[in-house]
Amino acid sequence: MKFSAARLAGVFVIDLELKEDERGFFARAYCDKEFSAMGLNTHWPQCNISFTRTRGIVRGLHFQDEPFAEIKLVRCLSGTMFDVVVDIRRASPTFGEWEAFELSGANRRSLYIPPGFAHGLQCLSDSCEVFYQMGEYFASDLAGGVRWNDPAIGIPWPLKEAIVSSRDAGLPLLSEIL
């Protein structure tokens, strides 16, 4: 695996190192030793899958509060998505800033998201399947979010025909969760 630090502190892009032959390839998608050597989480008590049927759908921006703030390791298994993290760590010099990554079944890239970030995505293709390894169990009473189109954050979602659930459309602005 190849770990590349993103611009926002604590976020990493993880690319596979493919061992290829005439049959196809083999690659390690996760290794405790390698994650530990990078100072990253190695405890994943819950894994989730989301499947999105239609191009343009936006999910997020979601997070889970302390004391069970989530760490996520996100991989797109099929399709293509515009994956976004927003720094919601109030004391961070990059508070309110965002960074986006293209994750796809074709590039087999993962994104490591530490606590203190809201996470969302827009599917750029039909039939987008995403696998999440979670560093904490889901706690509905600690689940939160920031509105996907908060003008103070200013994410330029690539597909203008965004389809958003009523739950996500009703999430607060970043200024309202301070």
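Source: prediction; values computed, not measured.

Engineer: Before we go on, may I ask you to explain the overall build of the protein chain in this structure?
Structural biologist: A count of helices and strands for the protein chain gives two helices and 14 strands. Against the globule reference of 16 Å for 178 residues, the protein chain gives a C-alpha radius of gyration of 16 Å, in line with a compact fold. In terms of overall dimensions, the protein chain has a C-alpha envelope of 55 × 35 × 30 Å along the principal axes. When each of the 178 residues of the protein chain is scored for burial, the buried share is 45%.

Engineer: I keep staring at the nonpolar core and nothing clicks. Help me out?
Structural biologist: Most often, soluble globular proteins keep nonpolar side chains buried together rather than apart. The biggest cluster of nonpolar side chains holds 19 residues, and the ones touching the most others in it are Val11, Met81, Val85, Phe101 and Leu111. Top element by residues in this core is strand β12 (residues 128-134). It accounts for four residues. Dropping the residues within four chain positions of it, phenylalanine 101 is found in contact with Ala6, Val11, Val13, Met81, Phe82, Asp83, Val85 and Leu111. Of all hydrophobic cores here, the second largest spans 14 residues; its members include Val84, Val86, Ile88 and Ile155.

Engineer: How should the sheet that holds strand β5 (residues 46-52) be read in this particular structure?
Structural biologist: Each strand in a sheet pairs with its neighbour through backbone hydrogen bonds, running either in the same direction (parallel) or in the opposite one (antiparallel). Across the sheet, six strands lie side by side as β1-β2-β10-β7-β12-β5; this open sheet has antiparallel pairing. Either end of the sheet is taken by a strand with one partner, and the two such strands are β1 (2-5) and β5. Taking the axes of each pair of neighbouring strands and ignoring which way they run, one obtains an average angle of 20° across the sheet. As paired strands, strand β7 (residues 72-78) and β12 are joined by six bridges and run antiparallel to one another. Looking at the pairing, valine 74 lines up with tyrosine 132 of β12.

Engineer: Where do I start with the packing of aromatic side chains in this structure?
Structural biologist: The geometry of an aromatic ring pair comes down to the distance between the two centres and the angle between the two planes. Following the criterion strictly, the structure yields eight aromatic pairs and no others. Ring geometry for phenylalanine 82 and tryptophan 157: centres 5.7 Å apart, planes at 70°, overall edge-to-face. Of the two residues, phenylalanine 82 sits in strand β8 (residues 80-87) while tryptophan 157 sits in the loop between β13 (143-145) and β14 (163-164), which places them 75 residues apart along the sequence. For the residue pair phenylalanine 82 and tryptophan 157, the accessibility class agrees, reading buried in each case. A network of ring pairs unites the aromatic residues Phe3, Phe12, Tyr30, Phe35, Trp44 and Tyr112 as a single cluster.

Engineer: I would appreciate a short explanation of the pairing of β12 in the present structure.
Structural biologist: Working note: regular strand, side chains alternate between the two faces of the sheet. For β12, the tally of buried residues reaches five of seven residues, placing the bulk of the element in the interior. In this sheet, β12 lies alongside β5 in antiparallel orientation, the contact comprising seven bridges. When the sheet's bridge partners are listed, phenylalanine 51 is paired in β12 with glutamate 129.

Engineer: What is the right way to look at the environment of alanine 69 in this model?
Structural biologist: With respect to the helices and strands, the residue alanine 69 is situated in the loop between β6 (57-64) and β7. Residues alanine 69 and proline 114, 45 residues apart in the sequence, show an inter-C-alpha distance of 8.7 Å. Dropping the residues within four chain positions of it, alanine 69 is found in contact with Gln64, Pro115 and Glu136.

Engineer: What's the story with the side chain of threonine 52 in this structure? I'm lost.
Structural biologist: Here threonine 52 lies in strand β5. With a relative accessible area of 2%, threonine 52 lands in the buried category. Sequence-distant contacts of threonine 52, defined by excluding residues within four places in its chain, comprise Ile57, Arg59, Cys123, Asp126, Ser127 and Cys128.

Engineer: It is not clear to me how the pattern of salt bridges should be interpreted in this structure. Could you clarify?
Structural biologist: Pairing is possible between side chains that carry opposite charge, provided their charged atoms lie close to one another. Within the structure shown, the criterion is met by seven salt bridges. One salt bridge connects glutamate 97 with arginine 7, and the closest N-O pair in it is separated by 2.7 Å. Linking glutamate 97 in the loop between β8 and β9 (98-104) with arginine 7 in the loop between β1 and β2 (12-15), this pair joins segments that are 90 residues apart in sequence. Judged by relative accessible area, which is 31%, glutamate 97 ranks as partly exposed. For aspartate 168, the salt bridge identified is with arginine 167, shortest N-O distance 3.2 Å. Taking relative accessible area as the criterion, arginine 167 reaches 48% and is therefore assigned partly exposed.

Cut-offs and rules
- Residues numbered from 1 in each chain as written.
- Predicted model: local features only at pLDDT ≥ 70, side-chain atom pairs only at ≥ 80, totals over all residues.
- Heavy atoms only, no water.
- Helix = DSSP H or I, 4+ residues; strand = E, 2+ residues; numbered from the N terminus.
- Rg over C-alpha atoms; globule rule 2.2 N^0.38 Å.
- Buried < 20%, exposed > 50% of the residue type's maximum accessible area, 1.4 Å probe, protein only.
- Core = buried A, V, L, I, M, F, W, Y, C linked by side-chain atoms within 4.5 Å.
- Contact = heavy atoms within 4.5 Å.
- Pairing = 2+ DSSP bridges.
- Axes fitted to C-alpha atoms, helices over the stretch in contact; angles between N-to-C directions.
- Phe/Tyr/Trp six-rings, centres within 6.5 Å; stacked < 30°, edge-to-face > 60°.
- Salt bridge = Lys/Arg side-chain N within 4 Å of Asp/Glu carboxyl O.

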